[in-house]
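Listed here are the chains, written in short residue letters.
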Amino acid sequence: MTDKELIRKVHNGSKEALNIIINNYYDEIYRFCFYLTGNETDSYDIAQEVFLKFIRYVDSYQYKNLKGYLLIIARNLCYDYFRNKKDTVSIDEITQSGREDKQIGAVENRMFLRDALMEIPEQQREVIILRIYEEFKFMEIAKFLGCNISTVKSRYNLGIKKLNKLLKDWQSGNGIGI
């Protein structure tokens, strides 16, 4: 069943269609929030809030891309999260996220990536997450963010350069400039 059909059913009061939408997109919305915030617990809360807002405003939904619409809600809620959160994400929060890995190298790589993403400017981080993790095309990202494609490509390239520099610093033992 397509998103359009599901939305039509939701407009007609189908809770089953709403559950299908949530099941289809929850993991991706959570992952997006997690990459933006770096905090597992807060990301679960934000992802739930995304769907609560969607349910609240589903009657006014008029977009063609449901996933993009949900990501816009998630992005706005993540921005609110950062505005309301006075503390920065610490390495202790990341390492105590409740996920135990068997390989130290995998943990180090994940910790580096999360820390590195938090080090680059928010607009660049957002484009990188949308491009790499959510696999959006640059044109889709431009529409999603409401800017032109050259701005998106510029943010992406600048962010990747900064991530590469952080990687080189980390590999040389200098760590991330937190």
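In what follows, the structure referred to is the one given above.
Residues numbered from 1 in each chain as written. Predicted model: local features only at pLDDT ≥ 70, side-chain atom pairs only at ≥ 80, totals over all residues. Heavy atoms only, no water.

> Give a detailed account of the environment of Phe-138, specifying residues and quantitative values.
Mapped onto the elements, Phe-138 comes out in helix H8 (residues 138-145). We classify Phe-138 as buried; its relative accessible area is 17%. For the pair Phe-138 and Val-152, spaced 14 residues apart in the sequence, the C-alpha separation amounts to 6.6 Å. When near neighbours in sequence (up to four residues on either side) are disregarded, Phe-138 contacts Arg-131, Ile-149, Val-152, Lys-153 and Tyr-156. (Helix = DSSP H or I, 4+ residues; strand = E, 2+ residues; numbered from the N terminus. Buried < 20%, exposed > 50% of the residue type's maximum accessible area, 1.4 Å probe, protein only. Contact = heavy atoms within 4.5 Å.)

> Tell me about the packing of H8 against helix H9 (residues 149-171), and please be specific about residues and values.
For the pair H8 and H9, interaxial distance at closest approach is 8 Å and the crossing angle is 105°. Viewed along their axes, H8 and H9 adopt a mutual orientation that is roughly perpendicular. Touching Phe-138, Met-139, Ile-141, Ala-142 and Leu-145 of H8 are Ile-149, Val-152, Lys-153, Arg-155 and Tyr-156, all from H9. Classifying every residue of the contact of H8 with H9 gives 8 nonpolar, no polar and 2 charged. (Axes fitted to C-alpha atoms, helices over the stretch in contact; angles between N-to-C directions. Parallel < 35°, antiparallel > 145°, perpendicular 65-115°, else oblique. Nonpolar A, V, L, I, M, F, W, Y, C, P; charged D, E, K, R; others polar.)

> Kindly report on the packing of aromatic side chains, identifying the contributing residues and their values.
Given two aromatic rings, one states the distance between the centres and the angle between the planes to describe the pair. With the rule as written, the count across this model stands at 7 aromatic pairs. Ring geometry for Phe-34 against Tyr-35: centres 6.2 Å apart, planes inclined by 55°, an arrangement best described as tilted. By relative accessible area, Tyr-35 is classed as buried at 18%. Of note, Arg-131 hangs over the ring of Phe-138, and the distance from its end group to the ring centre comes to 4.5 Å. (Phe/Tyr/Trp six-rings, centres within 6.5 Å; stacked < 30°, edge-to-face > 60°. Lys NZ or Arg CZ within 6 Å of the ring centre and 35° of its normal.)

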